[in-house]
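The residues making up each chain are set out below.
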Amino acid sequence: DAKTTQPPSMDCAEGRAANLPCNHSTISGNEYVYWYRQIHSQGPQYIIHGLKNNETNEMASLIITEDRKSSTLILPHATLRDTAVYYCIVRPTSGTYKYIFGTGTRLKVLA
Amino acid sequence: SAVISQKPSRDICQRGTSLTIQCQVDSQVTMMFWYRQQPGQSLTLIATANQGSEATYESGFVIDKFPISRPNLTFSTLTVSNMSPEDSSIYLCSVVTFGGEKLFFGSGTQLSVL
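To start, this report covers the structure provided alongside it. (Residues numbered from 1 in each chain as written. Chains lettered and ligands numbered in written order. Predicted model: local features only at pLDDT ≥ 70, side-chain atom pairs only at ≥ 80, totals over all residues. Heavy atoms only, no water.)

So, the overall build of chain B
Within chain B, the regular secondary structure consists of zero helices and eleven strands. Ordered by position in the sequence, the α and β elements of chain B form the string β-β-β-β-β-β-β-β-β-β-β. Rg of the C-alpha trace for chain B: 13 Å, near the compact-globule value of 13 Å for 114 residues, within the 12% margin. Across the 114 residues that make up chain B, the buried fraction comes to 52%. A separation threshold of at least 6 residues defines the contact pool for chain B, and within that pool the share at least 24 residues apart is 54%. Counting only carbon and sulfur atoms, one obtains 47% of the accessible surface of chain B, whose full area is about 5,300 Å². Each charge class in chain B can be summarised by its mean position, and for the 7 positive and 8 negative side chains these summaries are 7 Å apart. (Helix = DSSP H or I, 4+ residues; strand = E, 2+ residues; numbered from the N terminus. Rg over C-alpha atoms; globule rule 2.2 N^0.38 Å. Buried < 20%, exposed > 50% of the residue type's maximum accessible area, 1.4 Å probe, protein only. Contact = heavy atoms within 4.5 Å. Areas by Shrake-Rupley, 256 points an atom, 1.4 Å probe, with all protein chains shown as cover. Lys, Arg positive; Asp, Glu negative; His and termini not counted. Charge placed at Lys NZ, Arg CZ, Asp CG, Glu CD.)

In structure tokens, the structure reads:
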């Protein structure tokens with residue numbers, strides 16, 4: 001079973017920051033938090049991942065709470081093309097590369 | 001990164017028949033996985049395709065229904081056997097490259113069973 005919970009849907013105005021929360025209260029010290037997104041009819045696409053520290057790349061920022069029990073994916077300036085289902089996944093740092101997907105958050109960016 | 005080609009991209013099949021889906025990667029990869037995505041649902045892991053040995057299936061999936069081959073480090077097939085309308089889904093191949101940890105996905109195979 002997936003080890004994360006996410007809100008089923010969110011709306012965001014175009015040009016504004018989209019903040020997508022994820023709860024992973026049972027995460028252990030040797031598990032990463034990964035974020036993927038799936039645009040309609042395509043395979044999921046990697047966005048970002050982190051272990052303890054906050055991370056930023058050209059697509060997004062990942063904020064992980066100090067206790068690591070939750071995280072937030074931030075899309076700083078959402079565009080219509082960011083409309084997608086966003087998945088938060090917890091995965092061990094070693095031993096297995098199995099990614100177990102939860103139900104995800106359907107983000108709709110509004111013009 | 002890895003470029004993954006899946007064939008066919010879509011198919012419409014009659015119940016009781018079988019379909020084999022091919023996954024070809026442009027470079028050698030360490031791990032290959034097969035996922036199913038039923039209409040309106042999230043992705044469910046079917047199995048890990050192991051090179052030269054039997055695939056490792058997740059709970060609820062069996063080899064007789066979803067036989068998988070992986071003859072080398074760049075290619076795998078998934079067969080959906082004795083299909084029923086409940087097998088109508090998108091089937092996705094995914095890989096992890098050597099030295100990497102990210103999962104890369106093919107564009108999927110849209111299967112409809114009548």
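A look at the sheet that holds strand β4 (residues 45–50) of chain A
All names here are of chain A. One open sheet accounts for five strands, arranged β1-β9-β8-β3-β4; its pairing is mixed. Where the open sheet ends on each side, the last strands, each with one partner, are β1 (9–13) and β4. Taken over all neighbouring pairs, the strand axes of this sheet differ in orientation by 25° on average, direction set aside. The sheet contact formed by β1 and strand β9 (residues 105–110) spans five bridges and is parallel. (Pairing = 2+ DSSP bridges. Axes fitted to C-alpha atoms, helices over the stretch in contact; angles between N-to-C directions.)

Structural notes on the nonpolar core
Within the largest apolar cluster, 27 residues are counted, with the highest numbers of intra-cluster contacts made by Trp34(B) and Val95(B). Grouped together as the second largest cluster of nonpolar side chains are 21 residues, Ile64(A), Ala84(A), Cys88(A) and Val90(A) included. (Core = buried A, V, L, I, M, F, W, Y, C linked by side-chain atoms within 4.5 Å.)

Comments concerning the pattern of salt bridges
All names here are of chain B. One pass over the structure, following the stated rule, counts five salt bridges over all chains. Ionic pairing is found between Lys-65 and Asp-87, a salt bridge with its closest N-O pair at 2.6 Å. Separated by 22 residues along the polypeptide, Lys-65 in the loop between β6 (56–57) and β7 (68–69) and Asp-87 in the loop between β8 (75–80) and β9 (89–97) bring together distant segments of the chain. (Salt bridge = Lys/Arg side-chain N within 4 Å of Asp/Glu carboxyl O.)

Details of the interface of chain A and chain B
Interface size is often expressed as the accessible area that is lost when the parts come together. With 18 residues of chain A at the contact, the number on the chain B side is 19 residues. Between chain A and chain B, a total of about 1,500 Å² is buried, with carbon and sulfur atoms accounting for 57% of that surface. The interface formed by chain A and chain B contains two salt bridges. One salt bridge connects Arg91(A) with Glu101(B), and the closest N-O pair in it is separated by 3.6 Å. For the side of chain A that touches chain B, the secondary-structure elements that each account for two or more residues are β3 (31–38) and β8 (84–92) of chain A. A total of four residues in the side of chain A that touches chain B trace back to one element, the largest contributor, which is β3(A). Looking at the side of chain A that touches chain B residue by residue, the classes come out as ten nonpolar, six polar and two charged. (Buried area = accessible area lost by both parts, 1.4 Å probe. Nonpolar A, V, L, I, M, F, W, Y, C, P; charged D, E, K, R; others polar.)

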